[in-house]
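Results of the structural survey
Chain by chain, the residues:
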Amino acid sequence: MNGSKHYNIAVIPGDGTGPEVIEEGKKVLIAAGKKHNLSFEFTEFDFGGERYLRTGETLPDSAIEELRKFKAIYLGAIGHPDVQPGILEVGILLKLRFALDQYINLRPVKLYPGVDCPLKNKGPEDIDFVVVRENTGGLYTGHGGITRKGSPYEVATQVMVYDRQMVDRCLKYAFELAKTRKEEGKPGKLTLVNKTNVLIYVGDLWYRAFMEMACDYPDIETDYNHIDAACMWTVKNPEWYDVMVVPNMFGDIITDLGAIIQGGMGIAAGGNINPGGTSMFEPIGGSAPKYTGKNVINPLAAIEAGRMMLNHLGEKEAAKSIEKAVAYACTKLKSLSAGKMGYTTTEVGDMIAEHIING
Ligand code: IPM
Ligand code: MN
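These numbers were taken from a predicted model, which means no experiment stands behind them.

Section: the site of ligand 1
Taken together, Glu 89, Leu 93, Leu 94, Arg 97, Arg 107, Arg 133, Tyr 140 and Asp 252 make up the full set of residues near ligand 1. A distance of 2.7 Å separates an oxygen atom of ligand 1 from a polar side-chain atom of Arg 97. At 2.6 Å, a side-chain N or O of Tyr 140 approaches an oxygen atom of ligand 1. Here ligand 1, which alone exposes 320 Å², has 74% of that area covered by the protein. If you tally residues by element for the shell around ligand 1, the top one is helix α4 (residues 87–99), at four residues. Along the lines of polarity and charge, the residues of the shell around ligand 1 split into three nonpolar, no polar and five charged. Shared between two domains, the shell around ligand 1 holds at least three residues of each, these being domain 1 (1–104 + 275–359) and domain 2 (118–261).

Examining the nonpolar core
Judged by nonpolar contacts, the single largest core of 91 residues is most densely connected at Val 132, Leu 171, Val 245, Leu 300 and Ile 352. The element contributing the most residues to this core is helix α5 (residues 164–183), with nine residues. Per-domain counts for this core show at least three residues from each of domain 1 (1–104 + 275–359) and domain 2 (118–261). Excluding residues within four positions of it along the chain, Val 132 makes contact with Ile 104, Asn 105, Leu 106, Cys 170, Tyr 173, Ala 174, Leu 177, Val 243, Met 244, Val 245 and Val 246.

Notes on the domain arrangement of the chain
Partitioning the chain into structural domains gives domain 1 (1–104 + 275–359) and domain 2 (118–261). Residue-level contacts link nine residues of domain 1 with twelve residues of domain 2. In this assembly, domain 1 packs against domain 2 so that about 1,000 Å² is buried in total across both faces, 64% of it on carbon and sulfur atoms. Summed over the three residues of domain 1 that lose the most area to domain 2, namely Phe 98, Tyr 103 and Ile 104, the buried surface amounts to 60% of that side. Applying the counting rule to domain 1 against domain 2 returns one salt bridge.

Focus on the confidence of the model for the chain
In low-pLDDT segments, the atomic positions of the prediction should not be examined closely. Mean pLDDT for the chain: 97, with 99% of residues reaching 70 or above. Mean pLDDT per element in the chain: α4 is the minimum at 96, and strand β8 (residues 189–194) is the maximum at 99.

Here we look at the state of the cysteines
Applying the stated criterion across every chain, the model contains zero disulfides. You can see Cys 170 has no disulfide; the closest cysteine sulfur is in Cys 231, sitting 17 Å from it. What makes Cys 170 buried here is its relative accessible area of 0%. We note that Cys 215 lacks a disulfide partner, and the nearest cysteine sulfur, in Cys 170, lies 18 Å from it.

Describing the pattern of salt bridges
Between side chains of opposite charge, a pair can form when the charged atoms approach closely. With the rule as written, the count across this model stands at 26 salt bridges. Here Arg 54 and Asp 46 are joined by a salt bridge, their closest N and O atoms 3.5 Å apart. Here Glu 304 and Arg 307 are joined by a salt bridge, their closest N and O atoms 2.9 Å apart. Residue Glu 304 and its partner Arg 307 are both found in helix α9 (residues 300–312); the two are separated by three residues, about one turn of the helix. Within the structure, one salt-bridge network assembled from shared partners comprises Asp 46, Arg 51, Arg 54 and Glu 57.

Some details on the sheet that holds strand β2 (residues 38–44)
Strand order in the open sheet formed by ten strands is β2-β1-β3-β12-β11-β4-β5-β10-β8-β9, with mixed pairing between adjacent strands. Each edge of the open sheet is held by one strand with a lone partner, namely β2 and β9 (221–226). With direction set aside, neighbouring strand axes in the sheet form an average angle of 25 degrees. Across the sheet, helix α1 (residues 18–36) touches β1 (5–14), β2, β3 (72–77) and β12 (279–283), and the angle it forms with β2 is around 155 degrees. In this fold helix α7 (residues 227–236) packs onto β5 (128–134), β8, β9 and β10 (243–246), with an angle of close to 105 degrees to the strand it touches most, β9.

Regarding the environment of Ile 254
Within the element layout of this structure, Ile 254 appears in helix α8 (residues 248–261). By relative accessible area, Ile 254 is classed as buried at 2%. Sequence spacing of Ile 254 and Ile 87 is 167 residues, and the spatial spacing of their C-alpha atoms is 24 Å. Sequence-distant contacts of Ile 254, defined by excluding residues within four places in its chain, comprise Val 131, Ile 227, Ala 230, Cys 231, Thr 234 and Met 244.

Let's talk about α5
Between its first and last C-alpha, α5 extends 28 Å over 20 residues, near the 28 Å set by a 1.5 Å rise per residue. The set of residues buried in α5 consists of Met 166, Val 167, Arg 169, Cys 170, Leu 171, Tyr 173, Ala 174, Phe 175, Leu 177, Ala 178 and Arg 181. Structurally, the start of α5 carries an N-cap: the backbone nitrogen of Gln 165 is 3.1 Å from a side-chain oxygen of Asp 163. At the exit of α5 stands Gly 185, carrying a positive phi of roughly 95 degrees.

Definitions and cut-offs
Residues numbered from 1 in each chain as written. Chains lettered and ligands numbered in written order. Predicted model: local features only at pLDDT ≥ 70, side-chain atom pairs only at ≥ 80, totals over all residues. Heavy atoms only, no water. Near = heavy atom within 4 Å. Polar contact = N/O pair within 3.5 Å; in protein donor to acceptor, adjacent residues only side chain to side chain. Areas by Shrake-Rupley, 256 points an atom, 1.4 Å probe, with all protein chains shown as cover. Helix = DSSP H or I, 4+ residues; strand = E, 2+ residues; numbered from the N terminus. Nonpolar A, V, L, I, M, F, W, Y, C, P; charged D, E, K, R; others polar. Domains from an automatic or database assignment. Core = buried A, V, L, I, M, F, W, Y, C linked by side-chain atoms within 4.5 Å. Buried < 20%, exposed > 50% of the residue type's maximum accessible area, 1.4 Å probe, protein only. Contact = heavy atoms within 4.5 Å. Buried area = accessible area lost by both parts, 1.4 Å probe. Salt bridge = Lys/Arg side-chain N within 4 Å of Asp/Glu carboxyl O. pLDDT = per-residue confidence, 0-100. Disulfide = S-S within 2.5 Å. Pairing = 2+ DSSP bridges. Axes fitted to C-alpha atoms, helices over the stretch in contact; angles between N-to-C directions. Expected span 1.5 Å × (residues − 1).

Printed below as a string of structure tokens:
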């Protein structure tokens, strides 16, 4: 074996069940490291609801500079029942995405064998696609405002902002991903999802940029769906999708739909990616306060986030080991829902770590 490779990972366990699932995720990364000769140093940051309640601070600018030194951040969950909704989401999660220019939100939707799927007559062969959600633009930029506040004539605007380079870099990532998937034996098809019939400016910008870039990728099959229709087809014919590229807000919505058809928040993970900078990997389910501290939450989503992180770092074999072990666990768990797995949180982590080493 060559010399072992070392990775410094920033960890934000965060709120609620975040710390519990991150613990299992780290356990699994360490097991994959043992198997594939990788070592990890985890540097913890305590950002989240508790710290906010204690200090009034969400994410100081100095923390951004600190986090910028890492290639990867492993995030548990952000959200606290005693904190007004929005403060932590905007002050931590969105702030990180924007400050670190994580312009891609990558969300695989893959149904593992053995997992209950709410779609009738659909199985793992039908549900295997990736959503490339644009992650720093659109309705999330905070452009807009309120005037005449409190009066009957109050006006509020929230503007869907995109410029050409934001659209192009997102499309480029999606086309390249479709190309890589094709090389791996997947269909290699890219579907642009938008709403060109109503968003006559922003939709048009995306559509033209997409069509132009398609000329550089003659081997990639391209398609276009309106977002409302895409929601319908994702339920009726998920096998039509391989890679979907979507503006920020539509991507937020359709990836929850994606999460539920792959087995729910117990397994859905995502990566906030800046290809040349600091990326952040997270289970997308949130902090689940009612399950906190009970050792019942499903750690698979956090483990999947860890797998995506290794993949992003170029450790494809180690990522594959995790994938195989997750697939194995999916055949063992009674359900992916918290409290119904037939195993505790730590037992699921142990099962996967064990399978990586001995499986
Ligand atoms: C997500 C979440 C966030 C988003 C919220 C918590 C700000 O829903 O990661 O999908 O809207 O992006
Ligand atoms: Mn969401």
